[in-house]
Amino acid sequence: MSYSFSFEVYNKTLGLLVSLSHCRNVALTHSGLHVMLCLQVNTNGFLSVAEPPAESEYLGKMPAKFGIIAPFLGDLDTSDGIGKVYFRQDNSPDVLQKITEKITQAFPHEGEVEPTHALIVTWENVIAHGVPERGDDLNKKRSTFQLVLMSTELSTYAILLYPKDDLQYYSTLVEGERKPVEVGFSKGLTQGWFSWRSTQGPYYRVTTDNEDSVRELILTNSGRRGVWVYHIGSSTFQSVTPGQVTTVAPEDGAPVQSVTEIPEPTYSEPYFEEYETPDYPPYEAETFSPETPSIEIFTSTTALPESEILSHVEAVPQNAAQPSYTQAVFSYYETCSTNRHKCSSFAECRDYTSGYCCHCKPGYYGNGKDCVADGKPQRINGKVKGRIFVGSSPTPVEFSNNDLHSYVVANDGRAYVAISTIPASVGPSLQPLSSIGGVIGWAFALEQPGYENGFSVAGGVFTRQTEVTFQPGGEKLTISQEFKGIDEHDHVVVSTHLEGSIPEVPEGATVQIDPYYEIYQYSSNLITSSSTRDYTVTLPDGSTQTLVYLWRQSVSFQSCPHAEGSRSIPPSQQLSVDQVFVMYDSVNQLIRYAMSNKIGSVNGTPQQNPCYTGRHGCDTNAVCRPGQGNQFTCECAAGFRGDGRTCHDIDECIETPQICGAHAVCNNQPGTFRCECIEGFQFASDGHTCVQVDHPINHCERGSHDCDIRERAQCSYTGGSSYICSCLPGFSGDGRSCQDIDECQTDRCNRDAVCYNTQGSFTCQCRPGFHGDGFTCTPESEREKTACEKHRESMLATSSGGYFFFRPRPAVGQYVPICDSYGEYEPTQCHSSAGQCWCVDRNGQEIPGTRTGPGSRPMCLEHSVFPTVFGPTTRPDANLVSPGTNLLFAQSGKIDHIPLDGTNMKKEEAKTVIHVPDQVVIAVAYDCVDKMVYWSDITQPSISRASMQGGQPAAIIIKDLGSPEGIAIDSLSRNLYWTDSILDRIEVSRLDGRHRRVLFDNDLINPRAIVADPANGRLYWADWNRDGPKIETSNMDGTDRIVLVKGDLELPNGLTFDHHSRQLCWADAGQESCTRKVECIDPYTRLRRKIVDGVQYPFAIVSYGRNLYYTDWRRESVVAVDRVAEREVDQFLPQKRSRTYGITTSFPQCPEVNYCSSDNGGCSHLCLPRPGGFTCRCPTLNNGSCVERDQNF
């Protein structure tokens, strides 16, 4: 129900006095038009500037599509005669003085406030509408709240008042579902200046989509509990501004307490601009309801009854049979002196009368054998096996090493779990089983004071046995999980086995699980829990059904019996789980679970300190330290540094170089580090000291062989400490001494060509008057003229009127094309009379956007087909730079671009082009033909692509991937190459992901960067294996694999190839700052040079023009290096600072041909180029329709 009345405000933009009334007349005033509009007070807890639509259009759908101020928006009821709504305008001095005091207290740094009028609306004793009878008196719970709008000559303020001890309810039923009430401001739909289409206007949300934010309305931003003040209009208005005082003023001698700030609210543009400076007329008479109470903070008179959810928790009888478990027996003689290494490195060992125990150090939690830093996020990885019968199907769905990945934000209890490769036949039916990942939520739940989560009690080694019984069908599923502790990457490892049957959930149906509680009962080595859980299935046709399953579990673990008397764990604890999210992703075949978890008292009321509610705003790598009352501080977790709101990883390996001791190397990890013994050493029994072992020596890796230099010979390791030396192609000798072969002495070239010998190779060039590649030469007179030559001759002939006895000359103003020595169109064409130049493709067609004015020439890419060159060539004098080029670089869940002006970064024009917030983008590559950007994601994992001209991202490879960390595009052959550092292999496929073939799956440890040279048919990749880093090369069909760079290499992260200079360059992240550098090598001459050193932590690199651009993890930036001047010349810092990953360039044009460019080389599946030809290859999984063949030219 809504009520209308008169209310006048001043519109600064239009210069109007706008009166909100019954919309009956229009009158002139000295300030402009006096317009009568309507203001609606609604029993559903809001004020609107127009007649509200049907309830289904706005309940539970904030921001609203109409102008609204909502102090407590929900489906509320006043029809029982008890609930009332009062409103009035007031300009009495005592009321205005009370309002002024509250505004001044909320904004202590602003000037004096001089109110003119106020509007007061009170909702008293309203109940939630339509709450069913449940015997818990919820339908009798009543709430009272107030809204005050106050106007000065320049500003408008809104004051929201709530009971200062507690509200009676936090949600109402909306379309059969319980949804939190909503508080906020919304302008509604607005119409654009140049469009008839309406869009959502500015809005500001005080609460969020969960009940915790509603509960916190008893807090404050004004210094008084339950009083919230907002500035909603001024002459310099930019947004709704909340009050600035979050400390509660002392009352009755109580100490000052600090309360948390509500999370950053959602708002967009200026709110209610047309009502910025209200100027109310005197109020004459109240039109509705009896006199409203004066403006005071209401106090609730009804105690909040105990949560009804506890009645659904099934307690385990004390004498119930418990699962058997094995308990290790400690000897009386086991002491810390011989067992200290069994404790976590973040624990201390203590001796007791009957043995020793491990205890985590301050700042860490766990059972002493496994300890993690307070507040640090935790990752859990593992495999899922077993079989499940779905519905009435007689055939089970098999699980075989399906990946399980979980991420927990420990400082607020959020847990995310994903299981991959789930077929559609079982995926939808797994949605109700959030309990598969529920144990992870329990293990790292947010601890209430005096209570401990699962990891604090059991550590990372325990077993969990769960039985789920579905009703009414009686299906049973057993979930067995073994947690195996923390691995070398600081991840918890778990194995899961599923066995049994589950009811079928139809494909396309969704599942909703309401917040729930679980009671955990503890003994020395066993934890048990059971409950009944409801879930709602929404079918594709929109109908719903609520089902239930019985859930019982036991967790067995090994506690330390020697210190049981010094530690007290409550016999029962309650796990509170809310914000439960379940989803089956059919496209990526993933089942996802997410939930927020807290562990605390069975009967106690929830703690309000932000550290215990999780609403503190600390960094995800920080721990929240509670103080007195609601005060708290944020403290970076061990291994991180910062102010608690922002934390950065500490590199212990740099700050304490000798932390790992002698004969060991230190590997930094987020929040910690790991020590590894160098080659020839291994850990002693203490797990810390590296001792020497008898180990074969690979002289080829160490560089201690006696082979000739690597420009002439290669060393091949044959096992043990043996190796052989062999000369490279183009050289002869025994491998220890190699001499160049003069190929020109053996008539390798055509008789009408000249042979030029080079170190290790040779080149052939046709003599003047002949045309060809040097191996085949034909007289110029016999060669058919090219399209460019015919075009040129026709233009000359037309302009001169015939040749006769004079050389043809173009007419003034006539354009005549320029052909190169092979008769092809020059990439750059110019009109001599007009003074304009432009780029053309190989057919002579102008490339749009490349035309320049007089005195300027565009830098166009070469597109001619050059003669085949065997071996090295000399470096060109100049690099060609194409106009319209951009840098593309990845930053976690997005890809940004930086336009280039020549080689200068146009930083002010940088922006995000692809946003994928649920992914971690590692590698980036670009297809210059279809203008598509490709990237790899290690969270799914997957390889995806999207058009730079618009469109949705699409995953092209999602199966059989471990960690795709490097990708390379062959735009000419339309192929995609990538490295996988978990599966340790290199693969190739078509650009759409079809016809996958494994090129290499041996002698790879940590392959990452990969780059292709399609014009010459070569492939390069880097392996950052710390025991033997290397850069290798092969033909793009997988043949002729050799190690290109081996020595003086530590951590080659990035790799790039410049086809103009034929330089292969890489970024080495190194072990020490002095070894981190950028280097280049000529793959043919093996001449190697250092570009810059002393870089911080480079990750990826790309070449363009004379510059190299690399991303840096430490600097969180893109760095430009002039490789000619060998120095850093520029740096780009993204607006959002985080690690930068892959980088590439996008071109407006690209080279157009190689041997596979035309009709896929005639191959049925994969055409893979190589020097002098190509190879037709079949996918690894060949159905017999593919034929392999080689083609040489």
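Every value quoted in this text rests on a predicted model; they were computed, and no experiment measured them.

Cut-off values and rules
- Residues numbered from 1 in each chain as written.
- Predicted model: local features only at pLDDT ≥ 70, side-chain atom pairs only at ≥ 80, totals over all residues.
- Heavy atoms only, no water.
- Helix = DSSP H or I, 4+ residues; strand = E, 2+ residues; numbered from the N terminus.
- Buried < 20%, exposed > 50% of the residue type's maximum accessible area, 1.4 Å probe, protein only.
- Areas by Shrake-Rupley, 256 points an atom, 1.4 Å probe, with all protein chains shown as cover.
- Pairing = 2+ DSSP bridges.
- Axes fitted to C-alpha atoms, helices over the stretch in contact; angles between N-to-C directions.
- Contact = heavy atoms within 4.5 Å.
- pLDDT = per-residue confidence, 0-100.
- Patch = residues over 30% accessible without salt bridge, like charges linked within 9 Å, V, L, I, M, F, W, Y side chains within 5 Å.
- Salt bridge = Lys/Arg side-chain N within 4 Å of Asp/Glu carboxyl O.
- Lys, Arg positive; Asp, Glu negative; His and termini not counted.
- Charge placed at Lys NZ, Arg CZ, Asp CG, Glu CD.
- 1 Å grid on protein atoms, 1.4 Å probe; cavity = no way out; pocket = protein on both sides within 12 Å on 5 of 7 lines; lining within 4 Å.
- Points joined across faces, edges and corners; volume = space filled by probe spheres on them.
- Nonpolar A, V, L, I, M, F, W, Y, C, P; charged D, E, K, R; others polar.
- Core = buried A, V, L, I, M, F, W, Y, C linked by side-chain atoms within 4.5 Å.
- Disulfide = S-S within 2.5 Å.
- Polar contact = N/O pair within 3.5 Å; in protein donor to acceptor, adjacent residues only side chain to side chain.
- Phe/Tyr/Trp six-rings, centres within 6.5 Å; stacked < 30°, edge-to-face > 60°.

**Comments concerning the overall build of the chain**
For the chain, the helix and strand inventory stands at nine helices and 87 strands. Here the chain holds 1193 residues, and 51% of them are scored as buried. Carbon and sulfur atoms make up 50% of the accessible area of the chain, which totals about 54,000 Å².

**A few points about the sheet that holds strand β64 (residues 921–927)**
The four strands lie next to each other as β64-β65-β66-β67, forming an open sheet whose pairing is antiparallel. A strand with exactly one partner marks an edge of an open sheet, and here the two such strands are β64 and β67 (954–957). Going across the sheet, the axis of each strand differs from the next one's by a mean of 30 degrees, ignoring polarity.

**Looking at the environment of Ile388**
Positionally, Ile388 belongs in strand β29 (residues 378–390). The buried category is assigned to Ile388, whose relative accessible area is 0%. C-alpha separation for the pair Ile388 and Leu477, spaced 89 residues apart in sequence, amounts to 7.9 Å. Those residues in contact with Ile388, other than ones at most four positions away along the chain, are Pro396, Val397, Phe399, Leu430, Leu477, Leu498, Gly500 and Ile502.

**A look at the confidence of the model for the chain**
Per-residue confidence for the chain gives a mean pLDDT of 79; residues scoring 70 or more make up 82%. At the low end of the mean pLDDT range in the chain sits strand β4 (residues 26–29), at 28; at the high end sits strand β69 (residues 975–980), at 96. In the predicted structure, residues 132–139 sits below a pLDDT of 50 and forms nine contacts with residues beyond four places in sequence or in another chain. Every residue in residues 234–238 is under pLDDT 50, and counting partners more than four places away or in other chains gives 11 contacts.

**Side note on unusual backbone geometry**
Residue Met62 is joined to Pro63 through a cis peptide bond whose omega torsion reads 5 degrees. With respect to the helices and strands, the residue Pro63 is situated in the loop between β7 (46–48) and β8 (68–73). The omega torsion across Gln940 and Pro941 is -10 degrees, close enough to zero to call that bond cis. Even without being a glycine, His663 presents a positive backbone phi close to 60 degrees. Structurally, the position occupied by His663 is in the loop between α7 (652–655) and β46 (664–669). The exposure class assigned to His663 is partly exposed, which follows from its relative accessible area of 39%. One non-glycine residue with positive phi stands out, namely Arg974, at about 65 degrees. Turning to its location among the elements, Arg974 is positioned in the loop between β68 (964–970) and β69.

**Considering a negative patch on the surface**
A cluster of acidic side chains, namely Glu175, Glu177, Asp514 and Asp534, defines a negative patch on the protein surface. Checked against the element boundaries, Glu177 lands in strand β15 (residues 177–180). Judged by relative accessible area, Glu177 falls into the partly exposed class, the value being 46%.

**Side note on empty space enclosed by the protein**
Using the criterion set out here, one finds six cavities of 30 Å³ or more in the structure. Looking at the second largest cavity, its volume works out to about 60 Å³. Lining the second largest cavity, in full, are Phe346, Tyr364, Cys371, Val372, Ala373, Lys376, Asp490, Gly671 and Thr672. Per-element accounting of the lining of the second largest cavity gives the leading share, three residues, to strand β28 (residues 371–373). Looking at the lining of the second largest cavity, its residues break down into five nonpolar, two polar and two charged.

**Observations concerning the pattern of salt bridges**
Two side chains carrying opposite charge are able to pair once their charged atoms lie near each other. As enumerated under the stated definition, the model contains 46 salt bridges in all. A salt bridge links Arg414 to Asp412, with the nearest nitrogen and oxygen atoms 2.8 Å apart. Salt bridges sharing common partners tie together Glu211, Asp212, Arg215 and Lys598.

**With respect to the nonpolar core**
Residues Leu430, Leu433, Ile440, Trp442, Phe444, Ile502 and Tyr593 are the most contacted members of the largest nonpolar core, which totals 61 residues. If you look at the next biggest cluster of nonpolar residues, it comprises 35 residues, including Val121, Leu147, Leu167 and Val240.

**Here's the deal with the state of the cysteines**
Scanning the model with the defined rule gives 22 disulfides in all. The disulfide partner of Cys1156 is Cys1167, and the S-S distance across this bridge is 2.0 Å. Across the S-S bond of Cys1156 and Cys1167 the torsion is about -80 degrees, and the bridge reads as left-handed. Taken as a pair, Cys1156 in the loop between β84 (1143–1146) and β85 (1166–1170) and Cys1167 in strand β85 lie far apart in primary sequence, 11 residues in all. By relative accessible area, Cys1156 is classed as buried at 3%. A sulfur-sulfur separation of 1.9 Å characterises the disulfide bridge that pairs Cys1163 with Cys1176. Taking the sign of the torsion about the S-S bond as the criterion, the disulfide between Cys1163 and Cys1176, at about -75 degrees, is left-handed. Here Cys1176 lies in strand β86 (residues 1173–1177) and Cys1163 lies in the loop between β84 and β85, a separation of 13 residues in the sequence. Residue classification places Cys1163 among the buried residues on the basis of a relative accessible area of 10%. Note on Cys1176: relative accessible area 2%, which makes it buried.

**As for the sheet that holds strand β73 (residues 1018–1023)**
Pairing in this open sheet of four strands is antiparallel, and the strands run β72-β73-β74-β75 from one edge to the other. Since the sheet does not close on itself, it has two edges, and those belong to β72 (1007–1013) and β75 (1042–1045), each with one partner. Shown here is a sheet whose adjacent strand axes are inclined to one another by a mean of 30 degrees, direction ignored. Across five bridges, β72 lies against β73 in antiparallel orientation. For Ala1012, the partnering residue across the bridge sits in β73 and is Leu1019.

**Description of the environment of Glu965**
Relative to the helices and strands, Glu965 is located in strand β68. Note: C-alpha distance between Glu965 and Ile982 (17 residues apart in sequence) is 9.5 Å. The residues contacting Glu965, other than those within four sequence positions of it, are Ile922, Ala923, Ser936, Thr979, Ser981, Pro1007, Arg1008 and Trp1024. For Glu965, the side chain forms a polar contact with the side chain of Ser963, separated by 3.0 Å. Within polar-contact distance, the side chain of Glu965 engages the side chain of Arg1008 at 2.9 Å.

**Topic: the packing of aromatic side chains**
For any pair of aromatic rings, the description rests on two quantities: the centre-to-centre distance and the angle between the ring planes. All chains considered together, the criterion is met by 28 aromatic pairs. Relative to Tyr230, the ring of Phe185 lies with its centre 5.6 Å away and its plane at 65 degrees, an arrangement referred to as edge-to-face. Of this pair, Phe185 sits in strand β16 (residues 182–186) while Tyr230 sits in strand β20 (residues 227–233), and the two are 45 residues apart along the sequence. The same class applies to Phe185 as to Tyr230, namely buried. Each member of the aromatic cluster is reached from another via a ring pair, and the members are Phe72, Trp123, Phe145 and Tyr169.

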